Amino acid sequence: MITLLKQSESFKNRIAIVSKGKSFSYGQLLKTSKAVAANLLRETTDLNEARVTFLIPPSFEYTAVQWGIWAAGGIAVPLCILHPLPSIQYVLEDTQARIVIADAAYYDFLKPLEDHMGISVITLESILKETIVPLPDIDSSRRAMILYTSGTTSKPKGVVTTHATIEAQITTLVNAWEWRKEDHILNILPLHHVHGIINVLSCALWSGACCEFLPKFDADKVWATIASERLTLFMAVPTIYYKLISFWEELPATTQEVYSRAASQLRLMVSGSAALPVPVLEKWKEITGQTLLERYGMTEIGMGLSNSYRGERRPGHVGLPLPGVEMRLVDSANRPVPENTPGEYQIKGLSVFKEYWQKPEATKKAFTEDGWFITGDIGMLSDGLYKILGRDSVDIIKSGGYKISALEIEDVLRKHDMVADCAVVGLPDEEWGEVVSVCLIPKSKELDVEEVSSWLKTQLPAYKIPRKYMLSAELPRNVLGKVTKNELKKRWPAIAP
Ligand code: MCA
Ligand code: AMP
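The structure contained in this document is the topic of the report that follows. (Residues numbered from 1 in each chain as written. Chains lettered and ligands numbered in written order. Predicted model: local features only at pLDDT ≥ 70, side-chain atom pairs only at ≥ 80, totals over all residues. Heavy atoms only, no water.)

As enumerated under the stated definition, the model contains 31 salt bridges in all. For the salt bridge of Asp 395 with Lys 485, the shortest nitrogen-to-oxygen distance reads 2.7 Å. In this pair, Asp 395 sits in the loop between strand S20 (385–391) and strand S21 (396–399) while Lys 485 sits in helix H17 (residues 485–495), placing the two residues 90 residues apart along the sequence. Residue classification places Lys 485 among the buried positions, given a relative accessible area of 7%. (Salt bridge = Lys/Arg side-chain N within 4 Å of Asp/Glu carboxyl O. Helix = DSSP H or I, 4+ residues; strand = E, 2+ residues; numbered from the N terminus. Buried < 20%, exposed > 50% of the residue type's maximum accessible area, 1.4 Å probe, protein only.)

Quick look at the structure:
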């Protein structure tokens, strides 16, 4: 049995999960996961890295299915509950999964894929049925999970981690942030990305702590949970802290006082997945007394750099490499750069991913010849701590903590009858970090932005839909004919309607 499951035997009577108003012990989680594994195995003794996709909101059932897939020797592929069918279908095709386990809420949505793709849509109910079979021994070098992340190619790539990678990603955080079994964390993040899956859920379960789920972020419910004073930890993206501050500011003074006092009791509040604006850090400190711990990570590496749990947390900085993470800052010839000089972060260590799923060329390109993972993030060492200055590619946008490829949105938009060409950029935004924005070159005068936007929503999830539109007769280009997106970003306020 993999370590995460094995060691939870010693917490059998502790509460592992609070979900939909019910508490579930580690004993119940293990038992249900084993039933999932048994139902998946049927006549076989080991799934042998078969990809098992699942579309289940954050919950006890999500966790039991994830653990069950691992216990049966499969590769867990969590699907995003916000994705429209074409995005889901892409993941199913790319992983060549034969089955998708669906929460009842998504069963009808997925069912047409059975005829269309020959995939089996399995109900949660049937997979949770009590059964026992012997479970296979899983070596930690085996593939465990595929998470999809956007990059500098149009389509998202599947990031493959092994059980050993996941274990390294978890243990470095458990040690650095001093997780303990008495901890209680609220998860409000989606569970198809590292932040929610590793930093919140898996670190809690590794430690014998309790993870409580809100199926979706809701500022009112988050503040009410903080006010209950049962939380010891909270982790979120900067947009969520921004939204919590906005909500707090609208409350009556007496409620503000109660909420602020309760928030000051937590032992740690962490921000990550995107740059934490200093005004957000300062405002959060003013209303809660908490200095947010900012850290830096990536789907391919787990967490890389972190401010200190016990020492200094410097605004605008991401701290130092976590234990077990080797990091260097280099110039374009891969030579280390001195302090106060911008360079690119490159990472080595046990927490680095194995490969992009069935993309050997992309995997090779992602590493230097001597095995450093090339992050594409630019930063600098300044007075003993590292900071992030930006990315080397204008085609990658971070909005609400989601990484979005401009090229993917452009490719979809170019399929629309009314669009001759387009360029997608991220424009700076206080709340979202960046907002997806598009300059459209119409095919004819009739281009209707509303119609294009509605159609796009059938193709892409809401967080990838442009919020700002501009129509133009042409795109700015350099002498080689390449669109100059930085120029477009600069021009935007002047030429947008
Ligand atoms: C939603 N809306 C947006 C965006 N997303 N508007 C502009 N930009 C966006 N990106 C709009 C919706 O269309 C809607 O508008 C309104 O906001 C509310 O939508 P809803 O989906 O309900 O938004 P929300 O629930 O408030 O979502 C905000 C959120 C969410 C909770 C911050 O974006 C989120 O969960 N982000 C976290 C993503 C994450 O986990 N990333 C980690 C990646 P209208 O009302 O007009 O319809 S892992 C990672 O990055 C690495 C490893 C790391 O370092 O952690
Ligand atoms: P993802 O591919 O969704 O895992 O996103 C990883 C990217 O998020 C990194 O490559 C960074 O660009 C960005 N990121 C994560 N944490 C931070 C941070 N604290 N500050 C700035 N950018 C961050």
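Read on for the rest.
The next point concerns the pairing of strand S4 (residues 75–78). Covered by surrounding structure in S4 are Ile 75 and Val 77 together with Ala 76 and Pro 78, the residues of both alternating faces. Of the strand pairs in this sheet, strand S3 (residues 51–55) and S4 are connected by 4 bridges, and their pairing is parallel. In the sheet register, Phe 54 faces S4, and the bridge partner there is Pro 78. Following the backbone out of S3, through helix H3 (residues 60–71) and into the adjacent parallel S4, one traces a crossover that is right-handed. (Pairing = 2+ DSSP bridges. Right-handed = clockwise from strand over helix to strand, strands pointing away.)

So, about the site of ligand 1. Among the 25 residues in the neighbourhood of ligand 1, the closest are listed as Lys 216, Ser 273, Arg 295, Lys 398 and Arg 467. The contact in question runs from a nitrogen atom of ligand 1 to an N or O atom on the backbone of Gly 401, over 3.1 Å. Residue assignment for the shell around ligand 1 shows that the elements contributing at least two residues are helix H9 (194–207), helix H11 (238–249), strand S13 (293–298) and S21. (Near = heavy atom within 4 Å. Polar contact = N/O pair within 3.5 Å; in protein donor to acceptor, adjacent residues only side chain to side chain.)

A word on the site of ligand 2. Close to ligand 2 lie 16 residues, the nearest being Arg 295, Thr 299, Asp 377, Lys 398 and Lys 403. Arg 295 places a main-chain nitrogen or oxygen 2.8 Å from a nitrogen atom of ligand 2. In the complex, 93% of the free accessible area of ligand 2, which totals 500 Å², lies under the protein chains. Counting residues per element, the ones that place at least two in the shell around ligand 2 are S13 and S20. At 5 residues, S13 tops the list of elements feeding residues into the shell around ligand 2. Considering only residue class, the shell around ligand 2 consists of 6 nonpolar, 4 polar and 6 charged. (Areas by Shrake-Rupley, 256 points an atom, 1.4 Å probe, with all protein chains shown as cover. Nonpolar A, V, L, I, M, F, W, Y, C, P; charged D, E, K, R; others polar.)

What follows deals with the nonpolar core. Generally speaking, soluble globular proteins have nonpolar side chains that are buried together. Core analysis: the largest hydrophobic core is formed by 112 residues, its most contacted members being Trp 179 and Phe 234. Counting residues per element, this core draws most heavily on H9, which supplies 9 residues. What Phe 234 contacts, discounting residues up to four positions off in sequence, is Ile 185, Leu 186, Ile 188, Val 222, Ile 240, Tyr 241, Leu 244, Leu 266, Leu 268, Met 269 and Val 270. Counting residues in each nonpolar core, the second largest holds 21 residues, with Val 419, Leu 440, Leu 447 and Leu 456 among its members. (Core = buried A, V, L, I, M, F, W, Y, C linked by side-chain atoms within 4.5 Å. Contact = heavy atoms within 4.5 Å.)

Turning our attention to the environment of Glu 474. Relative to the elements of secondary structure, Glu 474 occurs in the loop between strand S25 (468–471) and H17. A residue is classified by how much of its surface remains accessible, and Glu 474, at 60% relative accessible area, is exposed. For Glu 474 and Ser 264, which are 210 residues apart along the polypeptide, the C-alpha to C-alpha distance reads 53 Å.

Moving on to the sheet that holds strand S19 (residues 373–382). Read from one edge of the open sheet, 4 strands run S16-S17-S19-S20, paired in antiparallel fashion. Both edges of this open sheet fall to strand S16 (326–330) and S20, since each of them pairs with a single strand only. In this sheet, neighbouring strand axes are inclined to one another by 45° on average, regardless of whether the strands run parallel or antiparallel. Looking at chain direction, strand S17 (residues 343–348) and S19 are connected through 4 bridges and run antiparallel. The partner of Glu 344 across the bridge, within S19, is Ile 378. (Axes fitted to C-alpha atoms, helices over the stretch in contact; angles between N-to-C directions.)

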